[in-house]
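The residues making up each chain are set out below.
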Amino acid sequence: MAGAGRGTPRELSRAEIEEFLRGQRIARLGCHADDETYIVPLIYAYENDAVVAVTTEGRKTAMLRENPRVCVEVDSYDVDGKGSWRSVIAYGTYEELAGDAIEPALSLLRERFARAAGRAAEPREPGENVVVLRITLDEISGRSVER
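The model shown is predicted, which means the values in this text are computed figures rather than measured ones.

K.L.:
How do you make sense of the environment of Glu 128 when you look at a structure like this?
P.N.:
Note that Glu 128 resides in the loop between α3 (102-117) and β8 (130-145). For Glu 128, a relative accessible area of 73% puts it in the exposed group.

Here is the structure:
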């Protein structure tokens with residue numbers, strides 16, 4: 001029988017999306033500038049409808065500065081050993097953080113990653129050519145298949 005055991009996709013609730021984004025650590029960031037699309041993995045933390053991350057100067061930051069509208073995708077496959085999956089896609093706007101806005105973003109990243117690793121968060125200064133960024137999400141949807 002076609003489709004047997006494949007599961008039916010369902011929309012995730014806003015609460016499920018929030019929980020999922022807080023629990024994941026790697027997103028795919030899609031940016032577009034000068035008729036070129038670029039998609040890269042991004043280690044992130046999520047809170048209050050925004051993704052925060054640290055990156056370095058390069059192709060991605062140049063494109064984001066030219067066109068701050070982005071797409072963020074986060075997924076998890078085979079979450080139960082049966083081939084189930086979840087995926088969230090969001091659109092938003094990129095901004096570089098400066099001054100007093102940098103430390104709260106770095107603190108959130110440290111706290112989330114230290115907790116996941118089961119250790120205390122250790123402050124450290126960003127290196128040279130480091131960009132601390134926030135992507136404020138304004139459109140967000142998610143789907144899942146449970147098998």
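K.L.:
It is not clear to me how the side chain of Thr 61 should be interpreted in this structure. Could you clarify?
P.N.:
With respect to the helices, strands and loops of the structure, Thr 61 is situated in helix α2 (residues 59-66). A polar contact is formed between the side chain of Thr 61 and the backbone nitrogen of Gly 58, at a distance of 2.9 Å. Residues in contact with Thr 61, not counting those within four places in the same chain, are Thr 55, Thr 56, Tyr 94 and Val 131.

K.L.:
Got a minute to help me understand the pattern of salt bridges in this structure?
P.N.:
Note on pairing: side chains with opposite charge can pair once their charged atoms come close. A full pass over the atoms with the stated rule returns 18 salt bridges. Asp 75 is the salt-bridge partner of Arg 28, the closest N and O atoms lying 3.7 Å from each other. Of this pair, Arg 28 sits in strand β2 (residues 26-33) while Asp 75 is found in strand β6 (residues 69-77), placing the two residues 47 residues apart along the sequence. For Arg 28, a relative accessible area of 37% gives the class partly exposed. A relative accessible area of 15% means that Asp 75 is categorised as buried. Here Arg 112 and Glu 111 are joined by a salt bridge, their closest N and O atoms 3.5 Å apart. Owing to a relative accessible area of 7%, Arg 112 belongs among the buried residues under this scheme. Since its relative accessible area comes to 29%, Glu 111 is described here as partly exposed.

The rules we used
- Residues numbered from 1 in each chain as written.
- Predicted model: local features only at pLDDT ≥ 70, side-chain atom pairs only at ≥ 80, totals over all residues.
- Heavy atoms only, no water.
- Helix = DSSP H or I, 4+ residues; strand = E, 2+ residues; numbered from the N terminus.
- Buried < 20%, exposed > 50% of the residue type's maximum accessible area, 1.4 Å probe, protein only.
- Polar contact = N/O pair within 3.5 Å; in protein donor to acceptor, adjacent residues only side chain to side chain.
- Contact = heavy atoms within 4.5 Å.
- Salt bridge = Lys/Arg side-chain N within 4 Å of Asp/Glu carboxyl O.

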